[in-house]
Amino acid sequence: VQLQASGGGLVQAGGSLRLSCAASGRTFSSYGMGWFRQAPGKEREFVAAIRSGGWTSYADSVKGRFTISRDNIKKTVYLQMNSLKPEDTAVYYCAARPGTVATMTPDAYDYWGQGTLVTVSS
């Protein structure tokens, strides 16, 4: 599976961005998908995940502001980010793992995209 993330950019605080992650392969619908982020000098952290059946989970820091979704026909997972804050500034990565479950643990994911930079100015 190859993942291609896009949609990052520079936005003012309070603004919105939508990240996309396009996947290759014929079994996308059976993969658990996740979004993670890594700010300068910090460890990679969980943002959101979605199971193949659509069940979702979020980090407390983004709950109510971010929405993860997937389109199995387009083989794409999205991260809609609203009410962005300067502390959301990071490189955002999408990840995939075989099976229906999506977890919060980076080590559980087998495939990673290249990352897309999100910068939120105050």
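Before any of the text, the structure's been laid out above.
Throughout this description, residue numbers start from 1 for each chain and increase along the sequence as written. Totals for whole chains, interfaces and linings use every residue, but because this is a predicted model, local features are given only for residues with pLDDT of at least 70 and side-chain atom pairs only at 80 or more, for both listing and counting. Processing note: side-chain calculations cover all non-hydrogen atoms of the structure and skip hydrogens and water entirely.

A. Geometry of the overall build of the protein chain. For the protein chain, the count of helices and strands is zero helices and 11 strands. Seen in sequence order, the protein chain has helices and strands lined up from the N terminus as β-β-β-β-β-β-β-β-β-β-β. Computation of the radius of gyration draws on C-alpha atoms, with the globule rule given as 2.2 Å multiplied by the number of residues to the power 0.38. Relative to the 2.2 N^0.38 estimate, which gives 14 Å for 122 residues, the radius of gyration of the protein chain is 13 Å and therefore close to what a compact globule would have. In terms of its C-alpha atoms, the protein chain occupies a principal-axis envelope of roughly 40 × 25 × 25 Å. Split into buried and exposed, the 122 residues of the protein chain put 43% on the buried side. Runs of E in the DSSP output that reach at least two residues are strands. Runs of H or I that reach at least four are helices, and both are numbered from the N terminus. Buried means the residue's accessible area, taken with a 1.4 Å probe over protein chains only, is under 20% of the maximum for its type, while exposed means over 50%, and partly exposed covers the values in between.

B. A look at the pairing of strand β8 (residues 76-81). The buried fraction of β8 amounts to five of the six residues, a majority that puts the element mostly inside the structure. By definition, two strands form a pair when at least two bridges between them are found by DSSP. In this sheet, β8 lies alongside strand β7 (residues 66-71) in antiparallel orientation, the contact comprising six bridges. Considered in β8, the bridge of D71 is made with T76.

C. Geometry of the packing of aromatic side chains. Paired rings are identified among Phe, Tyr and Trp, the last through its six-membered ring, by centres lying within 6.5 Å, and are further divided according to the angle between planes into stacked (under 30 degrees), edge-to-face (over 60) and tilted (the rest). Under the defined criterion, the tally for this structure stands at six aromatic pairs. Between F36 and W112, the ring centres sit 5.1 Å apart and the planes meet at 50°, which makes this aromatic pair tilted. On the criterion of sequence distance, the pair formed by F36 in strand β4 (residues 31-38) and W112 in strand β10 (residues 111-112) is long-range, its members being 76 residues apart. Pairing Y109 with W112 gives two aromatic rings, centres 6.2 Å apart and planes at 65°, and the pair type is edge-to-face. Given the relative accessible area of 4%, Y109 is considered buried. A relative accessible area of 27% places W112 in the partly exposed class. An aromatic cluster of at least three residues, connected via ring pairs, comprises F36, F46, Y93, Y109 and W112. Working rule: Lys NZ or Arg CZ, within 6 Å of ring centre, within 35 degrees of ring normal, means a charge sits over the ring. The ring centre of W112 lies 4.7 Å from the NZ or CZ of R44, which sits over that ring. Above the ring of F28, the side-chain terminus of R70 is found at 4.7 Å from the ring centroid.

D. Local environment of the sheet that holds strand β1 (residues 3-6). Overall, antiparallel pairing links the four strands, which are arranged β1-β3-β8-β7 in an open sheet. Two strands in the sheet have a free side with no partner beyond their single neighbour: β1 and β7. Neighbour-to-neighbour, the strand axes of the sheet open up by a mean angle of 15°, direction not taken into account. The pairing of strand β3 (residues 17-23) with β8 spans six bridges and is classified as antiparallel. Residue pairing for β8: C21 is matched across the bridge by V77. Lines fitted to the C-alpha atoms define the axes, with helices restricted to the stretch that makes contact. Angles between their N-to-C directions range from 0 to 180 degrees.

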